[in-house]
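Residues per chain, in single letters:
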Amino acid sequence: MLNISMIVAGIVFVALAAANVVVMLEASQPSRGATARTRLVAAHRAGGYLFVILFCIMVYIMSQRLAGVGITGHLPTHLVLHIVLVLVLVPLVLLKILIARRYKQSYSLLKGLGIAIFVISFVLVSVPVFSELLHSANPGSLGLKLTIGLIVAVCMVQGALALSKRNQSHTSAESSGIRQTPGQPTPFNTRENVKDPMNLLLALTERQTHDTKTLRFQVPKERRFRAKPGQFMTFQWTIDGRRVTRSYTISSSPIHEDYVEITPKRMENGCASVFLNEHAKPSLIVEASGPYGRFYFDEKLHKSIVLIAAGSGITPMISMLRYIDDLKLTTPVTLLYCVRTSADIIFQNELDRLESSLPNFKYEVCLSRPEPIWKGHSGRLSEEFVSQHLVDPGSPTFFLCGPRGFMENARQILSALGVNQERILQESFGESKPSADSRPLESRALETIVFLHSAKVCQASSESTLLDLAERNGVQIPYGCRQGQCGTCTTRVLSGTVRMDVEIGLTSEQKNAGYVLPCVGRPEGTVVLAV
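Scoring rules and cut-offs
Residues numbered from 1 in each chain as written. Predicted model: local features only at pLDDT ≥ 70, side-chain atom pairs only at ≥ 80, totals over all residues. Heavy atoms only, no water. Helix = DSSP H or I, 4+ residues; strand = E, 2+ residues; numbered from the N terminus. Buried < 20%, exposed > 50% of the residue type's maximum accessible area, 1.4 Å probe, protein only. Contact = heavy atoms within 4.5 Å. Areas by Shrake-Rupley, 256 points an atom, 1.4 Å probe, with all protein chains shown as cover. Pairing = 2+ DSSP bridges. pLDDT = per-residue confidence, 0-100. Salt bridge = Lys/Arg side-chain N within 4 Å of Asp/Glu carboxyl O. Core = buried A, V, L, I, M, F, W, Y, C linked by side-chain atoms within 4.5 Å. Axes fitted to C-alpha atoms, helices over the stretch in contact; angles between N-to-C directions.

**Student:** Looking at this model, I keep getting lost on the overall build of the protein chain. Mind explaining?
**Tutor:** Each helix and strand counted, the protein chain has 12 helices and 17 strands in total. The buried share of the protein chain, reckoned over its 531 residues, is 41%. Summarising the internal contacts of the protein chain: among those between residues at least 6 apart in sequence, 68% fall at separations of at least 24. Accessible surface computed for the protein chain: about 29200 Å², of which carbon and sulfur atoms make up 57%.

Structural data, given as structure tokens:
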């Protein structure tokens, strides 16, 4: 009876090891959504706990059987091998637990350890099981034949499946006309990276403060939506019969792929922000594209972070915090949040919840116009306030988001504290710079712009963006954010000078090759574009 119990326990033991490897491989698939990946990681963790518990029980039973005998006695060869495999398996299991808890992103190492543990577990269980079967079976008996036949059948099925998968992959590649060639270098102007627009349905709204509201939009079921915490989207609103383009940071966690949230702050005389805060109702449909932006948290790169925000600049930060909470990451996070009054603190309840949920998260609020009862920090962002809440300014990555003046001040403070500029990231949407020249268009100097491929020559004021000019003259330039962030509209300048409001959407290679961002680019003199 004991032998049968041990055999069953051994089979369960191997099955858990195999399941953990399969779950880990599935979780590492690039095509897996964030939600599915989170569930698979949770399943892998639960399976790992069960494996360790069962392993400890089996080791205990083995030690009881060896009590009084020891390893130096006259033990059967298979039992000595059994003991050696257990001694090898113990440090491997401990090493995998250590890496899984401290170095979560070491997928390749965890994968290798998982496979090694499975192989050793299989041999560990197979040796005594087959030894027992062979010992109890009579030569030529039906049980022995069935066992050997089962092993051969399993091997043949595995081989057939592997061969079938290989042939299927080869056949599908041939039938689709796709040549299997090595990856090609990404061209400067990648049109296939354009994010196709989609229609979002406003599902619900939630008031955050007196002038801020969160809007949750349902993503179409047929659309795979993936964002990174901190990115933004571009929306095409229809307000009073005219099309209005605005970009808003995603405030929800990108773990949730079936919906996306934004949290616009009402601005005086702000066409879109007033509409969204006062008139947007559930069932509203809007065209949106994205996500865009290089301002985002990456747990593989950013081992500890400091978030410095002002006003509605909290929106990308709350997305990062929710993402960290959803994945149960141990990343140390400090948030320094500056607003005018306590009534202007956006996501106050959510921040309190996150502080309780995340052991390595702390946040401080600083009010520039505090009420008499306010007991926290007051005044504007200062070096004293920042240094007071930084243990080691030399190690974290800093994320800045807020008005332009606020971010310039924050960058100066961090520089004074010895922070390397490369570790300071900031969200700076390209702002349309209105012309300082109040003269009518006819009396201003006009620049000549040549769209070479489209065979069009146009004239416009030097304050017009190249994208606006292209649209007015029927020249097709794909675009996304219209803020100089996403790089979708990247176009090559063949001659002439273009002044850009921001250049964050360009890589250094693109800049050196003469590419510009028409959405924030303005001509200075005659300009010839390749488009």
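Read on for the rest.
**Student:** Please clarify how the pairing of strand β17 (residues 521-529) should be interpreted in this entry.
**Tutor:** Within a regular strand, side chains alternate between the sheet's two faces. By the bridge criterion, three bridges tie strand β13 (residues 446-451) to β17 in an arrangement that is parallel. If you follow I449 over to β17, its bridge partner there is V527.

**Student:** Mind showing me how you'd approach the confidence of the model for the protein chain here?
**Tutor:** The predicted coordinates of low-pLDDT regions are not to be read in fine detail. Across the protein chain, the average pLDDT comes to 79, with 76% of residues at 70 or higher. Within the model, pLDDT remains below 50 along residues 168-194, and this stretch shows 17 contacts once partners closer than five positions in the same chain are excluded. Below pLDDT 50 for its whole length, residues 429-443 participates in 19 contacts with residues either more than four positions away or in separate chains.

**Student:** I'm lost on the pattern of salt bridges in this one. Help?
**Tutor:** One side chain can pair with another of opposite charge once the charged atoms of both are near each other. For the coordinates displayed, the defined rule picks out 14 salt bridges. Across the pair R266 and E278 runs a salt bridge, and its minimum N-O distance is 2.6 Å. A residue pair is termed long-range when its members are at least 10 positions apart, and R266 in the loop between β5 (259-262) and α6 (271-278) and E278 in helix α6 qualify at 12 residues. Here K328 and D325 are joined by a salt bridge, their closest N and O atoms 3.7 Å apart. We classify K328 as exposed; its relative accessible area is 53%.

**Student:** What am I meant to see in the sheet that holds β17 here?
**Tutor:** Each strand in a sheet pairs with another by means of backbone hydrogen bonds, the pair being arranged parallel or else antiparallel. The strand order across the open sheet built from five strands is β14-β13-β17-β15-β16, with neighbouring strands paired in mixed fashion. Both edges of this open sheet fall to β14 (456-461) and β16 (515-516), since each of them pairs with a single strand only. Bridge count between β13 and β14: six bridges; the pairing is antiparallel. Across the sheet, the residue bridging to F451 is K456, located in β14.

**Student:** Sorry, what's going on with the nonpolar core here?
**Tutor:** A general trend in soluble globular proteins is that nonpolar side chains are found buried together. Counting 30 residues, the largest nonpolar core has L307, M317, L321, L335, Y337, L351 and F361 as the members making the most contacts within it. When contributions to this core are tallied by element, the ones reaching two or more residues are β7 (305-310), α7 (314-327), β8 (333-339), α8 (348-357), β9 (361-367) and β11 (397-401). Counting residues in each nonpolar core, the second largest holds 25 residues, with C458, V475, V493 and L517 among its members.

**Student:** Explain the sheet that holds strand β2 (residues 212-218) to me, please; I cannot follow it from the model alone.
**Tutor:** Strand order in this open sheet of six strands is β4-β3-β6-β1-β2-β5, and the pairing throughout is antiparallel. At either end of the open sheet lies a strand with only one pairing partner, and these are β4 (242-249) and β5. When the angles between neighbouring strand axes are averaged without regard to direction, this sheet yields 35°. As defined by bridge partners, strand β1 (residues 198-209) adjoins strand β6 (residues 285-292) across four bridges and the pair is classed as antiparallel. Residue pairing across strands places N199 opposite E287, the latter belonging to β6. Sitting on the sheet, α6 is in contact with β1, β2, β3 (232-239) and β4, with an inclination near 80° to β4.

**Student:** Can you walk me through α6 in this structure?
**Tutor:** One turn of an α-helix holds 3.6 residues; hence residues three or four places apart share an orientation. Judged by how many residues are buried, α6 sits mostly within the fold: six of eight residues are covered. Buried residues of α6: A272, S273, V274, F275, L276 and N277, and no others. The secondary structure elements touched by the buried residues of α6 are β1, β2, β3 and β4.

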